[in-house]
Amino acid sequence: KTRISEKVLEVKPSITLAITAKAKEMIESGMDVIGFGAGEPDFDTPEFIKDAAIKAIHEGRTKYTAAVGVLELRKLIAQKLKRDNGLEYSPDQIIVNSGAKHSLSTAFQSILNPGDEVLVPVPYWVSYPEIVRIAGGVPVFLKTKKENDFKMTAEDLDKAITSKTKAIYLNSPSNPVGAVYTKKELEELAKVILRHEIFVVSDEIYERLLYDGEKHISIASLGEEIKEWTILVNGMSKSHAMTGWRIGYTAASKDVITAMGKVQGHAVSHPSSITQYAGIGALQCPDHFLSEMVEEYDVRRKFCVDRLNQIKELSYIYPKGAFYVFIDVSKLFGRTFKGKVIEGSMDYANLMLEHYQVALVPGIAFGADEFVRISYATALEQIEKGLDRMEAFIKELD
Ligand code: PLP
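Residues numbered from 1 in each chain as written. Predicted model: local features only at pLDDT ≥ 70, side-chain atom pairs only at ≥ 80, totals over all residues.

Explanation requested: the sheet that holds strand β14 (residues 361–362) in the structure shown.
Whenever strands of a sheet pair, they do so through backbone hydrogen bonds, lying parallel or antiparallel. Taken together, the 4 strands give an open sheet; going across it, the order is β9-β10-β15-β14, and neighbouring strands pair in antiparallel fashion. Two strands close off the open sheet at either side, each with one partner strand: β9 (315–317) and β14. Sheet analysis places β14 next to strand β15 (residues 371–375), joined by 2 bridges and oriented antiparallel. By the bridge assignment for β15, Val 361 is matched with Arg 373. (Pairing = 2+ DSSP bridges. Helix = DSSP H or I, 4+ residues; strand = E, 2+ residues; numbered from the N terminus.)

Here it is in structure tokens:
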């Protein structure tokens, strides 16, 4: 017998949180730290949304709601899915959760039996494998190719599926790469998914953050059959600068949503009623609030790639969505900084934080040790300073 659950003992602590905590400590002690680490918008939540929440408080919307969320919000989510994604979902095929992360964990707790395998394309968002472990499943890593912007192909997927595979994660636009799947790529993946009858858990949280005229396509929109096997996850955290509110949602077939309603009902009852009313505000928020943020991210994205192009030791995957650049730092491995040999992304990230006060996430956290992730959800002057420091660091290497 173990004092702590064996399942939980297997779960790794988040490297992202550890780096952020260390950076925060340094800032508190008065140091000028560049925060490339956090995956959250630096913008404030639009006033329109805050007002909706304040109004809800004054109107006394401060009591329990339905476990799956208030009907008005689920209706608005259904309208959004129809308008933006061409998807028909009724409100009883939608559940509101406490953030997209909570949507994912509730979904896996609802579909997995002990030992069921879930395919996790590498590089992956840090929480993906751990969410599966906590739900009693087994994450199985699916290797992808850098030449294909680390997107999995139908062939990769087909080879990886076994009789134990229950589901696959799909994330487009992706964290940490910023890759976007094309319609053709999704159609090919959908064929394989349907042939094997596995779930595709489609995390579409970065849907709004697209550049260069890229269009978001939800795999669920490719036909009625694939829609039946899709568990679509989305939310307002990134698009509406609402990370702290904790609101996300899931759309799926009714059996899945009913199961998720049971799991959620016995865990948290439902997301905060006030936040749900903020969510109603978010879905009615004039579009310019959102597009202005995306335009600003795009300016920063272009700055990052232009600046990185000048640093010959670093290469990167051209980001088409989200707000990250995934930078290949492997050319620096084997070189020495003040007597310390850089052996991997963790060494690089530690040296950058300690000696140059730049907080970034080592690729090992995403299963890709040759890389580091920087987030450009921070002010342009900060980005400029941070990239200057990354260049200065290389000049100091032996
Ligand atoms: N999915 C991906 C790929 C993310 O990067 C994040 C946040 O970093 C989330 C989900 C979680 O979003 P939320 O804050 O709504 O839980």
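Please clarify how the site of the ligand should be interpreted in this entry.
The full set close to the ligand counts 13 residues, and Gly 99, Ala 100, Lys 101, Asn 175 and Ser 237 are the nearest of them. Its residues assigned to classes, the shell around the ligand shows 3 nonpolar, 8 polar and 2 charged. (Near = placed C-beta within 6 Å. Nonpolar A, V, L, I, M, F, W, Y, C, P; charged D, E, K, R; others polar.)

Honestly, the packing of helix α3 (residues 47–58) against helix α11 (residues 273–283) in this entry has me stumped. Any pointers?
Two packed helices can be described by the angle between their axes and the distance between those axes. One way to put it is that α3 packs onto α11 with a least axis distance of 8 Å and a crossing angle of 140 degrees. By the angle class used here, α3 and α11 are oblique. For the pair α3 and α11, the crossing hand works out as right-handed. Along its contact with α3, which presents Phe 48, Ile 49, Asp 51, Ala 52, Ala 53, Ala 56 and Ile 57, the element α11 presents Ile 274, Tyr 277, Ala 278, Ile 280, Gly 281 and Ala 282. (Axes fitted to C-alpha atoms, helices over the stretch in contact; angles between N-to-C directions. Parallel < 35°, antiparallel > 145°, perpendicular 65-115°, else oblique. Left-handed = near helix turned anticlockwise from the far one by under 90°. Contact = placed C-beta atoms within 7 Å.)

Would you mind going over helix α5 (residues 100–111) with me for this structure?
Three- or four-residue spacings in an α-helix give side chains the same orientation, since the helix completes a turn every 3.6 residues. Helix length check: α5, at 12 residues, gives a terminal C-alpha distance of 17 Å against a target of 16 Å (1.5 Å per residue), a fit within 8%. Summarising burial for α5: 11 of the 12 residues are buried, a large majority. (Expected span 1.5 Å × (residues − 1). Buried ≥ 20, exposed ≤ 12 C-beta atoms within 10 Å, placed from the backbone.)

Sorry, what's going on with the domain arrangement of the chain here?
A common way to express how large an interface is: the accessible area buried when the components associate. With domains assigned, the chain is organised as domain 1 (6–44 + 288–395) and domain 2 (47–286). The interface of domain 1 with domain 2 comprises 34 residues on the first partner and 34 residues on the second. Ranked by residues supplied to the side of domain 1 that touches domain 2, first place goes to helix α12 (residues 287–309) with 8 residues. Of the residues belonging to the side of domain 1 that touches domain 2, the class tally is 18 nonpolar, 7 polar and 9 charged. (Domains from an automatic or database assignment.)

It is not clear to me how the environment of Thr 182 should be interpreted in this structure. Could you clarify?
Within the fold, Thr 182 resides in the loop between β5 (165–171) and α8 (183–196). The partly exposed category is assigned to Thr 182, around which 13 C-beta atoms lie within 10 Å. With 37 residues separating them in the primary sequence, Thr 182 and Ile 219 have C-alpha atoms 10.0 Å apart.

Help me understand the environment of Ile 231, please; the structure alone is not making it clear to me.
With respect to the element layout, Ile 231 can be found in strand β7 (residues 230–235). With residues near it in sequence (within four places) discarded, Ile 231 still touches Ala 107, Phe 199, Val 201, Ser 202, Thr 250, Ala 252 and Val 256.

Could you clarify how one ought to interpret the pairing of β5 in this entry?
Along any regular strand the residues' side chains alternate between the sheet's two faces. Counting buried positions over the 7 residues of β5 gives 5, a clear majority of the element. Looking at chain direction, strand β3 (residues 117–121) and β5 are connected through 3 bridges and run parallel. Bridge pairing links Leu 119 to Ile 168 in β5. For β5 and strand β6 (residues 199–203), the ladder comprises 5 bridges, and the chain directions are parallel. Within β6, the position partnered with Leu 170 by the bridge is Ser 202. Note on the crossover from β5 through α8 to β6: the handedness is right-handed. (Right-handed = clockwise from strand over helix to strand, strands pointing away.)

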